[in-house]
Every structure is written in structure tokens, then in C-alpha cells.
Amino acid sequence: VKYVIKMTDLAGNEVTLDSVDSGCTVDTTDPAIKTGTTVSVVSDNALDATDANLAISGDTVTLTFTASEELHGTAANNTVTFTVGSGTAKTAVNLAATDTTNEYEASFDVADGDNGIVKYVIKMTDLAGNEVTLDSVDSGCTVDTTAPAIDQDDQNANIITVASDNTLDADTGNLALVGDTVTLTFTATEELHGTPGTVQFKVGNGTARDAVALSTTNNANEYTADMTAVADGENGIVKYKIIMTDL
């Protein structure tokens, strides 16, 4: 603020005084995201197979941005409200300044049951008190806390086939002989991790075999594992334990 004071005394002497520095500044400009920068929303998920910015239960998702100016020192004036998918908005989180000029961040921990795109509403206030609210468009971060599963048939039964390659089976009873290979196949409800998982086979009351890595087939989300070379002395129903991890 600048000023010019014109004053006249009783005798008629007149003087005009210009301001040097009033010490008062007017600011009616709302704070914003600094031009040329974007809002970053990143999960700390170290198990993300495709680096697709996916978060699972227990992960921390952190939002970071650079403001166009320094923000208000009172935390309540600068917050982020996160929402995951169609869930209920989480409690507002106060923004915290980083060591970088005008950079601020806020984070939340993913809870069981959170699923979907991370959305956010940033409320920021500059030093003068100008306040603005910014809604997210697409954060680029997706939360997935749903465990992978086996596709089911119309009766809601898991569809897992375990078949022997025995060509001598007279009544097609799916019987395996010494040296035969038994193959387990299933379709998952979603794409599995780049290291998709394992199957551990056991025959009858025998000792469980070493875990076998799952392999993909040419069919979408279909995986397979072989129990090779049925051993002499192995007798009974083939049992299995599948361990699988999604992206």
C-alpha cells in the first residue's frame, strides 16, 4: 500500500508527503499448485510387480505438491482429505512442509476394505488468508486390498483341475502311475504377480513335496503347475496348497 498525504495548517501552509514503505501489503490472489508442477500421489508398496502405483493394506500413500507461494502456518488451514474409490472420505490430514521451498505433503495408511482410485481434496490457505480448495482429477494411485481368488462356476465352486498324463488309464478315472506327470490348472480372478506363486503337492499321507512355481498359460489369468514324476510308493489322493499374490 502506497499513499500521498496532503496537509495544510491553519495559516495555509501546505505540504504533500509520499509514502516510502507503508509496511502493509494487499494480497487477493489465491494460492495454487506451482505452474509447471503437478500433484504426486505415490504408494510405498515395495511388492508392486508392475510399478503401477498400486497400494495394499498397510501401505502408506503420500501426496506431495509445490505451492505457488508459502502457505499459512496454521495446520488446520491447510489439509488434504483422502477418499479411496467409492468409500467414505477419511479424516482430513494436515499438510506438512518439506525441506523444499513451498513443498507440502500429507499421507494416509491404507486400511483393509479400501479399494479403488485414490481421490483427494486439498484445502490450502496463503499467509494473507486467501483460501482455495482443489479436487483431484486422477491421482494415478490405486488401492487394492482384495486378495486374489480362484474363478468359480455357476454353483460357486472353485474351478481347479488336477489331471494325470497317464495314457494307460483304462476307465479315464484320472489315475497316475510311477513316472507320470500330474498337472494342476486354474483361472485366477485377476492377473497375478510377476512371481505369481507356488503350489505344494502331497500324495495321500505322504510327505509334502517342495513347492513348484506357477506358470502362465496362453489364456487370460490362467496358471498351471506340474507335479512331475510320480514316485514309486506314492499312493492316494493328490492334495495341493496354492499360494498366489496379485499385482
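What you see is a predicted model, and the numbers here were worked out from it, not measured in a lab. (Residues numbered from 1 in each chain as written. Predicted model: local features only at pLDDT ≥ 70, side-chain atom pairs only at ≥ 80, totals over all residues. Heavy atoms only, no water.)

Draft legend 1. View of the nonpolar core. One finds Leu63, Phe65, Val80, Phe82, Leu95 and Ile122 to be the most contacted residues of the largest nonpolar core, which totals 22 residues. Put simply, the parts of the chain that give this core at least two residues each are β5 (60-66), β6 (79-84), β9 (103-109) and β10 (115-125). Residue contributions to this core peak at four residues, all from β10. Residues within four places of Ile122 in sequence aside, it is in contact with Val39, Leu63, Phe65, Thr79, Val80, Leu95, Val132, Thr133 and Leu134. Of all hydrophobic cores here, the second largest spans 16 residues; its members include Leu184, Phe186, Leu214 and Val230. (Core = buried A, V, L, I, M, F, W, Y, C linked by side-chain atoms within 4.5 Å. Buried < 20%, exposed > 50% of the residue type's maximum accessible area, 1.4 Å probe, protein only. Helix = DSSP H or I, 4+ residues; strand = E, 2+ residues; numbered from the N terminus. Contact = heavy atoms within 4.5 Å.)

Draft legend 2. View of the layout of surface pockets. Approximately 310 Å³ is the volume found for the largest pocket. In terms of lining residues, the largest pocket is bounded by 14 residues, among which Asn174, Leu175, Ala176, Gly236 and Val238 are the most central. For the lining of the largest pocket, a count of residues per class yields nine nonpolar, four polar and one charged. (1 Å grid on protein atoms, 1.4 Å probe; cavity = no way out; pocket = protein on both sides within 12 Å on 5 of 7 lines; lining within 4 Å. Points joined across faces, edges and corners; volume = space filled by probe spheres on them. Nonpolar A, V, L, I, M, F, W, Y, C, P; charged D, E, K, R; others polar.)

Draft legend 3. Representation of the sheet that holds strand β3 (residues 40-43) within the structure. Taking strand neighbours across the sheet as the criterion, the four strands line up as β3-β5-β9-β8 in an open arrangement whose pairing is antiparallel. The open sheet is flanked by β3 and β8 (96-97), the only strands paired with a single partner. Bridge count for β5 against β9 is seven bridges, and the pairing is antiparallel. Its bridge partner lying in β9, Val61 is registered against Phe108. (Pairing = 2+ DSSP bridges.)

Draft legend 4. Summary view of the confidence of the model for the protein. When the pLDDT values of the protein are averaged, the result is 93; 100% of them are 70 or greater. Confidence, read as mean pLDDT per element, is least for strand β15 (residues 192-203) in the protein (92) and greatest for β5 (98). (pLDDT = per-residue confidence, 0-100.)

Draft legend 5. Region of interest: the packing of aromatic side chains. Inspection of the entire model under this criterion finds three aromatic pairs. Taking the centre distance of 6.1 Å and the plane angle of 35° together, the rings of Phe65 and Tyr104 count as tilted. Taken together, the residues Phe65 in strand β5 and Tyr104 in strand β9 connect sequence positions 39 residues apart. Tyr104 sits in the buried class, given a relative accessible area of 10%. (Phe/Tyr/Trp six-rings, centres within 6.5 Å; stacked < 30°, edge-to-face > 60°.)

Draft legend 6. Geometry of the sheet that holds strand β13 (residues 160-164). Reading across from one edge, β13-β14-β18-β17 is the order of the four strands in this open sheet, with antiparallel pairing throughout. Edge positions in the open sheet fall to β13 and β17 (215-216), since each of these has one partner strand only. Summarising the sheet, β13 and strand β14 (residues 182-187) pair through five bridges and their orientation is antiparallel. The residue bridging Ala163 from the neighbouring strand is Thr183, located in β14.

Draft legend 7. Here's a closer look at the side chain of Asp48. The topology assignment puts Asp48 in the loop between β3 and β4 (54-55). Polar side-chain contacts of Asp48 include one of 3.3 Å to the backbone nitrogen of Asp51. A distance of 3.0 Å separates a polar atom in the side chain of Asp48 from the backbone nitrogen of Ala52. Not counting residues within four places of it along the chain, the set of residues in contact with Asp48 comprises Asn53, Leu54, His193 and Leu247. (Polar contact = N/O pair within 3.5 Å; in protein donor to acceptor, adjacent residues only side chain to side chain.)

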